Amino acid sequence: MKISGAEAVIRCLLAEGVDLIYGYPGGAIMPVYDELYKFKDDLHHVLVRHEQGATHAAQGYARATGKVGVAIATSGPGATNLVTGIADAQIDSTPMVCITGQVGKHLLGSDAFQETDIIGISTPVTKWNYQITEASEIPEIIAKAFYIAKSGRPGPVLIDITKNAQFDEMEFSYAKCTSIRSYNPKPVLNIDKVKEAAEIINTAKKPFIIFGQGVILSEAEAELKALVEKSGIPAAWTILGLSAMPTDHPLNVGMVGMHGNYGPNVLTNECDVLIALGMRFDDRVTGNLATYAKQAKVIHFEIDPAEVDKNVKTDVAVLADLKESLTALLPLIENNTHESWHNTFKEKYEQELEAVINEELQPMKDGISMGETIEMINKHSKGDAIMVSDVGQHQMFTCRYAKFNSTKSNVTSGGLGTMGFALPAAIGAKMGMPNREVVAIIGDGGFQMTIQELGTIFQTKVPVKIVVLNNEFLGMVRQWQQLFFDKRYASTEMINPNFIAIAEGYYIKAKKVTKREDLDAAVAEMMASKESYFLEVMVEKENNVFPMIPTGASVSDIRLS
């Protein structure tokens, strides 16, 4: 059948099972939007208020559903406004396809109106990108885009389509991509490496598992749980691994990293075998690499060869899809409990409980703490909500204290640390999982970076719950200034607008809490609401998040205060 390139784009998306895209129209992508109008009953387009919001919403959708998120924008500033979200998706391994319009082929390189070299700009932050200049290329390139975005270690792909390619006609047929020559997304499992790993694990006295988002991306949650329960090995999460295993599981010992739990960090440098599952030894996890787990044999289960030995030298590397490799490992693992080793974790937890957690979750001070706000949300969510956090102190409090019963429930910006992520990402998460409660936890700084997406919530009526923890500071930067810069609070105090009036201006029900005695009822009202709801909680201005590993310090040097 002969159709325009623009119509081919829509038919390709439908063939890939796409039912929801986020975007913002403009001149260079207008032919595709014209076709979207004709297919609006089959493909739902959400008009965001800024293109960055489109990418974050697509990320939230992808992270909550496991599907590929889709964002669309015009050329020039429309395309460049996508870059932050694309970079975020790249470092956090989020499957996303971005489609941008471009000036006509004959105008390329002429500095035409709204022309930017988005291929050159996005190359460092995409898994793959491609510029289409002929309509006939569209089906093959879009098929490749979805295959590359989702296969192996996922990531973002950008397809730039010139305007002539959208207008020109072509003979349309579509075949999904299942392989690409020279692209091997899944390494072939070496069973000898699995046996070698099993032998080391079975003879370990103090083994320790750190699991990351690779567990979620490979859908290996059941295998992780089976491994932990059979081996008796204590397991800790990275912030992107959080929710792969229920937070209340007795063998789940907490979070590693700069603001992680005391025991998992300190005992990283006391274990004799460190088993890394689908994580990349990020600097926020390891602290000073020169002192990180030097006493331990390191076993790294990983799908991306580039991550092996990049930061931490491994003794055994098992390269494969994690679900496949754990399935092969499980029969080789001996039953164990490691009771005395677990007791060491419990002792460290008691120290943290007394020094940090009790004060944070049951504070005696006049001001409301961020931790007790998260604990109050736990009370009403029962651990069943998807929690979407922005970046800063509130993010660390959320990752430390939020309760999760099921996977794909913690959505946050990890590697890039993008302020402004949470509000649009919550929109995508809720639209992807409409039967689950979605709560966005945001600081007063990050909220104002994408505050315009309240307009998207108003127009779409998506019932997300928004909690702004307002300390009138850029809290994380202020904490560092307090601890390491002699309290020189340079450009971190925020003079904020009336957030309630702004939310109500978008016809979103809003409430402000300034007193502890009002917090429970306000959270209960928010969680019971069938519509979107904005809750502002005034928290302590100088509430710090501990424990903390100072920059450049060892995980053993984690501070409780």
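Residues numbered from 1 in each chain as written. Predicted model: local features only at pLDDT ≥ 70, side-chain atom pairs only at ≥ 80, totals over all residues. Heavy atoms only, no water.

Caption draft 1: Region of the structure containing the overall build of the protein chain. Per the secondary structure count, the protein chain includes 23 helices and 20 strands. Computed over its C-alpha atoms, the radius of gyration of the protein chain comes to 24 Å, within 12% of the 24 Å expected for a compact globule of 561 residues. The principal-axis extent of the C-alpha atoms belonging to the protein chain is close to 70 × 60 × 40 Å. Counting only residues that meet the buried cut, the protein chain has 61% of its 561 residues in that class. (Helix = DSSP H or I, 4+ residues; strand = E, 2+ residues; numbered from the N terminus. Rg over C-alpha atoms; globule rule 2.2 N^0.38 Å. Buried < 20%, exposed > 50% of the residue type's maximum accessible area, 1.4 Å probe, protein only.)

Caption draft 2: Fine view of unusual backbone geometry. Looking along the chain, the bond that leaves F546 and enters P547 is cis, with omega of 0 degrees. Structurally, the position occupied by P547 is in the segment after β20 (533-538). The phi angle at S182 is positive, at roughly 80 degrees, despite the residue not being glycine. One can find S182 in the loop between β8 (169-171) and α9 (191-203).

Caption draft 3: Inspection of the environment of H44 at higher detail. Along the chain, H44 turns up in strand β3 (residues 44-47). As a C-alpha pair, H44 and F485 span 441 residues in sequence and 49 Å in three-dimensional space. If we skip the residues at most four places from it in the chain, H44 touches D19, L20 and I21. (Contact = heavy atoms within 4.5 Å.)

Caption draft 4: Layout of helix α16 (residues 370-381). Taking 1.5 Å per residue as the helical rise, α16 with its 12 residues ought to reach 16 Å, and the 16 Å between its terminal C-alpha atoms agrees with that figure. Counting buried residues in α16 gives nine out of 12 residues, a clear majority hidden from the surface. K382 sits one or two positions beyond α16 and adopts a positive phi of about 60 degrees. (Expected span 1.5 Å × (residues − 1).)

Caption draft 5: Molecular detail of the side chain of N470. Mapped onto the elements of the fold, N470 is located in strand β18 (residues 465-470). Setting aside chain neighbours within four positions, we find N470 in contact with D444, N496, F499, E536, V537, M538 and V539.

Caption draft 6: Region of the structure containing the state of the cysteines. Scanning all chains against the criterion turns up zero disulfides. Distance from the sulfur of C12, which forms no disulfide, to the nearest cysteine sulfur (C177) is 12 Å. (Disulfide = S-S within 2.5 Å.)

Caption draft 7: Summary view of the nonpolar core. The biggest cluster of nonpolar side chains holds 75 residues, and the ones touching the most others in it are F211, L277 and F301. Residues in contact with F211, not counting those within four places in the same chain, are L224, A235, A236, W237, T238, G241, A244, M245, N252 and L277. (Core = buried A, V, L, I, M, F, W, Y, C linked by side-chain atoms within 4.5 Å.)

Caption draft 8: Molecular detail of the domain arrangement of the protein chain. Assigned domains within the protein chain: domain 1 (2-171), domain 2 (191-345) and domain 3 (366-538). On a C-alpha basis, the centroid separation for the pair domain 1 and domain 3 is 29 Å. Between domain 1 and domain 3, the residue contacts involve 23 residues of the former and 28 residues of the latter. Carbon and sulfur atoms supply 64% of the area that domain 1 and domain 3 bury against each other, a total of about 1,900 Å² over both sides. When the buried surface of domain 1 facing domain 3 is broken down by residue, R49, R63 and A64 rank first, second and third, together holding 31% of it. There are zero salt bridges connecting domain 1 and domain 3. Linking domain 1 with domain 3 are nine residue pairs in polar contact (both at pLDDT 80 or more), by the criterion used here. (Domains from an automatic or database assignment. Buried area = accessible area lost by both parts, 1.4 Å probe. Salt bridge = Lys/Arg side-chain N within 4 Å of Asp/Glu carboxyl O. Polar contact = N/O pair within 3.5 Å; in protein donor to acceptor, adjacent residues only side chain to side chain.)

Caption draft 9: Local environment of the sheet that holds strand β13 (residues 297-302). If you walk across this open sheet you meet the six strands as β11-β10-β9-β12-β13-β14, and the pairing is parallel. The outermost strands of the open sheet, each flanked by one partner alone, are β11 (252-255) and β14 (316-319). Strand-to-strand twist across the sheet, computed as the mean angle between neighbouring axes with direction ignored, equals 20 degrees. Relative to strand β10 (residues 235-237), strand β9 (residues 207-211) runs parallel, the two sharing three bridges. In the strand pairing of β10, I209 is matched with A235. Sitting on the sheet, α9 is in contact with β12 (273-277), β13 and β14, with an inclination near 135 degrees to β14. (Pairing = 2+ DSSP bridges. Axes fitted to C-alpha atoms, helices over the stretch in contact; angles between N-to-C directions.)

Caption draft 10: A look at the UniProt feature "domain: Thiamine pyrophosphate enzyme N-terminal TPP-binding" (unreviewed entry) in the protein chain. Those places that UniProt annotates as "domain: Thiamine pyrophosphate enzyme N-terminal TPP-binding" (unreviewed entry) correspond, in this numbering, to residues 4-119. This span, residues 4-119, is 43% helix and 18% strand, and a straight line between its end C-alpha atoms measures 23 Å. (UniProt positions renumbered as here; feature names shortened; annotations may be inferred.)

Caption draft 11: Broad picture of the sheet that holds strand β17 (residues 438-443). Here we have six strands laid out as an open sheet, ordered β16-β15-β17-β18-β20-β19, and parallel in their pairing. Each edge of the open sheet is held by one strand with a lone partner, namely β16 (410-412) and β19 (509-513). Sheet twist, expressed as the average angle between the axes of neighbouring strands with direction ignored, equals 20 degrees. Of the strand pairs in this sheet, β18 and β20 are connected by six bridges, and their pairing is parallel. In the sheet register, I466 faces β20, and the bridge partner there is F534. Sitting on the sheet, helix α18 (residues 422-432) touches β15 (386-389), β17 and β18, and the angle it makes with β17 is about 175 degrees. On the sheet, helix α23 (residues 519-528) packs against β17, β18, β19 and β20 and is oriented at approximately 160 degrees with respect to β20.

Caption draft 12: Broad picture of the packing of α9 against helix α14 (residues 322-329). Their axes nearest at 9 Å, the elements α9 and α14 cross at an angle of 60 degrees. Relative to α14, the element α9 lies oblique. The chirality of how α9 crosses α14 is right-handed. Of α14, the residues touching α9 (which contributes I191, V194, A198 and I201) are S325, A328 and L329. Split by residue class, the contact of α9 with α14 holds six nonpolar, one polar and no charged. (Parallel < 35°, antiparallel > 145°, perpendicular 65-115°, else oblique. Left-handed = near helix turned anticlockwise from the far one by under 90°. Nonpolar A, V, L, I, M, F, W, Y, C, P; charged D, E, K, R; others polar.)

Caption draft 13: Representation of the pairing of strand β7 (residues 156-162) within the structure. Burial analysis of β7 places seven of its seven residues in the buried class, which makes it a mostly covered element. Here β7 shows a buried face lined by P156, L158, D160 and T162 and a second buried face lined by V157, I159 and I161. With seven bridges joining them, strand β5 (residues 96-102) and β7 adopt parallel strand pairing. Each bridged residue has a counterpart across the sheet, and for G101 the counterpart in β7 is I161. Handedness of the crossover joining strand β6 (residues 128-132) and β7 through helix α7 (residues 138-150) is recorded here as right-handed. (Right-handed = clockwise from strand over helix to strand, strands pointing away.)

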